[in-house]
Amino acid sequence: MAPPPPPLSIDTLCGAGASGEAAEEPLSPTARMFHDFYIVAVLGLGKPIDLEPARAGVGATLARHPRFCSIRVMDGAEPRWVRTTVNLDDHIIVPDLDRAAITADPDKALEDYVASLSTLPMDQSRPLWEVHVLDFPTSEAACAVALRIHHALGDGTSLVSLLLACTRSAADPRALPAMPSAQPPPPPSARRKQGRRVYGAPPRPAWSAGALALAAWVLACAVLAWNTVVDVARFVAMALQLVRDPPTVFAGVEFRRKRFVMRTLSLDDVKLVMQALGCTVNDVLVGVTSAALSRYHFRKLGDEQDTSRSTCFRSVLFVKAKANWPANGTGETKKFRRPYKPKGN
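Please read all numbers here as calculations on a predicted model, not as lab measurements.

**Points about the overall build of the chain**
Helix and strand counts for the chain stand at nine helices and seven strands. Looking at the chain residue by residue over its 345 residues, the buried ones come to 28%. Sequence-distant contacts in the chain: of pairs separated by 6 or more residues, those separated by 24 or more amount to 70%. About 22,600 Å² of surface is accessible on the chain, with carbon and sulfur atoms providing 60% of the total.

**Quick word on the pattern of salt bridges**
All chains considered together, the criterion is met by eight salt bridges. Notably, a salt bridge pairs R32 with E78, separated by 2.7 Å at the nearest N-O pair. Placement of the pair is R32 in helix 1 (residues 29-33) and E78 in the loop between strand 3 (70-73) and strand 4 (80-83), with a sequence separation of 46 residues. The residue K108 makes a salt bridge to D112 at a minimum N-O spacing of 2.9 Å. Here K108 and its partner D112 are both found in helix 4 (residues 106-117), four residues apart, which amounts to about one turn of the helix. Accessibility expressed as a relative area gives 27% for D112, which makes it partly exposed. Here the salt bridges share partners, and the residues they tie into one network are D90, D123 and R126.

**A look at the sheet that holds strand 1 (residues 24-26)**
Across the sheet, three strands lie side by side as 1-4-3; this open sheet has antiparallel pairing. Looking at the sheet topology across the chains shown, the edges are occupied by strand 1 and strand 3. The average undirected angle you get between the axes of adjacent strands in this sheet is 25°. Relative to strand 4, strand 1 runs antiparallel, the two sharing three bridges. Following the sheet pairing, E25 is matched in strand 4 by W81.

**Section: the nonpolar core**
Ranked by size, the top nonpolar core spans 23 residues in total, and within it L62, F68, W129 and L153 carry the most contacts. Going through the elements one at a time, strand 6 (129-134), strand 7 (143-150) and helix 5 (156-165) are the ones with two or more residues in this core. When sequence neighbours within four positions are dropped, the list of residues in contact with F68 reads L62, A63, V86, P127, W129, I149, L153, L159 and L162.

**Here we look at a nonpolar patch on the surface**
Where nonpolar side chains cluster on the molecular surface, the patch consists of V232, F235, V236, L240, L242 and V243 and spans about 570 Å² of accessible area. Note on placement: V243 falls in the loop between helix 7 (211-239) and helix 8 (267-277).

**Details of empty space enclosed by the protein**
Per the counting criterion, the structure on display carries three cavities of 30 Å³ or more. Roughly 50 Å³ of internal volume is contained in the second largest cavity. What lines the second largest cavity is simply D90, H91, M122, D123, R126, P127, L128, W129 and E130. Along the lines of polarity and charge, the residues of the lining of the second largest cavity split into four nonpolar, one polar and four charged.

**Digging into the packing of aromatic side chains**
Applying the stated criterion across every chain, the model contains one aromatic pair. Over the aromatic face of Y38 sits the side chain of R148, whose NZ or CZ is 4.9 Å from the ring centroid.

**Some details on the sheet that holds strand 2 (residues 38-45)**
Overall, mixed pairing links the four strands, which are arranged 2-7-6-5 in an open sheet. The two strands at the open ends of the sheet, each matched to only one other strand, are strand 2 and strand 5 (92-93).

**A look at the confidence of the model for the chain**
Here the chain averages 77 in pLDDT, while 72% of its residues score no lower than 70. The model gives residues 319-344 a pLDDT under 50, and that stretch makes 47 contacts with residues more than four places away or in other chains.

**Some details on the pairing of strand 3**
Across the two faces of strand 3 the burial is the same, with S70 and R72 and I71 and V73 all buried. Counted along the chain from strand 3 to the antiparallel partner strand 4, the turn is six residues long, and its residue G76 has a positive phi close to 85°.

**Describing the packing of helix 8 against helix 9 (residues 281-301)**
Here helix 8 crosses helix 9 at 105°, and the two axes come no closer than 9 Å. In terms of orientation, helix 8 and helix 9 fall into the roughly perpendicular class. Residues V270, V273 and M274 of helix 8 touch helix 9, and the partners they reach there are V281, V284 and L285. A per-class count over the contact of helix 8 with helix 9 returns six nonpolar, no polar and no charged.

**Let's talk about helix 9**
A rise of 1.5 Å per residue sets the reference length of helix 9, with its 21 residues, at 30 Å; its end C-alpha atoms lie 31 Å apart and thus fit the reference within 8%. Three or more residues of helix 9 are buried, namely V284, H297 and F298. Projected down its long axis, helix 9 shows its buried positions confined to an angular sector of 155°, all on one face. Away from its buried face by more than 90 degrees, helix 9 exposes N282 and K300. Residues of helix 9 that are buried in the fold lie against helix 8. One or two steps after helix 9, the chain reaches G302, where phi turns positive at roughly 85°.

**Re the environment of R64**
Tracing the chain through its elements places R64 in the loop between helix 2 (51-60) and strand 3. Separated by 22 residues in the primary sequence, R64 and V86 have C-alpha atoms spaced 8.7 Å apart. Reaching out from R64, the side chain makes a polar contact with the backbone oxygen of A60 at a distance of 3.4 Å.

Basis of the calculations
Residues numbered from 1 in each chain as written. Predicted model: local features only at pLDDT ≥ 70, side-chain atom pairs only at ≥ 80, totals over all residues. Heavy atoms only, no water. Helix = DSSP H or I, 4+ residues; strand = E, 2+ residues; numbered from the N terminus. Buried < 20%, exposed > 50% of the residue type's maximum accessible area, 1.4 Å probe, protein only. Contact = heavy atoms within 4.5 Å. Areas by Shrake-Rupley, 256 points an atom, 1.4 Å probe, with all protein chains shown as cover. Salt bridge = Lys/Arg side-chain N within 4 Å of Asp/Glu carboxyl O. Pairing = 2+ DSSP bridges. Axes fitted to C-alpha atoms, helices over the stretch in contact; angles between N-to-C directions. Core = buried A, V, L, I, M, F, W, Y, C linked by side-chain atoms within 4.5 Å. Patch = residues over 30% accessible without salt bridge, like charges linked within 9 Å, V, L, I, M, F, W, Y side chains within 5 Å. 1 Å grid on protein atoms, 1.4 Å probe; cavity = no way out; pocket = protein on both sides within 12 Å on 5 of 7 lines; lining within 4 Å. Points joined across faces, edges and corners; volume = space filled by probe spheres on them. Nonpolar A, V, L, I, M, F, W, Y, C, P; charged D, E, K, R; others polar. Phe/Tyr/Trp six-rings, centres within 6.5 Å; stacked < 30°, edge-to-face > 60°. Lys NZ or Arg CZ within 6 Å of the ring centre and 35° of its normal. pLDDT = per-residue confidence, 0-100. Parallel < 35°, antiparallel > 145°, perpendicular 65-115°, else oblique. Expected span 1.5 Å × (residues − 1). Arc of directions from axis to C-beta. Polar contact = N/O pair within 3.5 Å; in protein donor to acceptor, adjacent residues only side chain to side chain.

This is the structure in structure tokens:
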């Protein structure tokens, strides 16, 4: 049996008293806002999971983080986090599923189970996270692990950073996994060859390009500024309920049961589109999602072939504003050289 990974350099004693009593910490405004709002993620593994080493690893890493060993107390004058003892049996779940359904269509069995996680409440008397081990092969993985984490514990970026910090390299169990290094930005001449980006201000032309090119650049910047002001004004008006988005088939989806459907995209194809348009991977994926939602919407209305109609869909995109995850085994980031403390809510 492989030894469990060594403990992380994570601050697990923040706010704890000297005598060892349960520490308390006030909830952030974001943590108070989220009630039954969960982050559900599915990880496909290349080989069947060995439950005992995995359990030991979770106990030595994830379960030691302050947010993952605290309960959210909402009563009283001040909502707060209260430290508690973590019972891994309550958080590492191996469901007993219908073997006939798994044999008939394992992909659908996985999707059905993950979809059910979005409708089940969490026990508020214990830390708000679960690891579901689905130990059967699918078309793309030897087994799968579904994570259900309450959004009050953190956002997607901080949770992904924490998950990466809890893993170890297969070649060296004491080393963090090697991540691809950031590519240096291309020189301005190469960026100009890629063409205009799909968003953002266009690059300023050289003075030798002439007055017409400079005037076109100024006009493009003015249009971008105007569209930005209009979008911000519309968003503020919507937040104040002065205007409403037009009704669509997606209205009220937050109260319906969700279904998680997994599809595999070729990263090479995504990069090909990215390089052709001069955008980012996220831009391509947002465009694919937008096209899928548009086709679904008009198909539900029965006029999928009518391309003359347009409908406004509004989305919220959270932008990463935190430091990168630790890049060495000491729990320090290369950029800031300070102890790594995954942030949450």
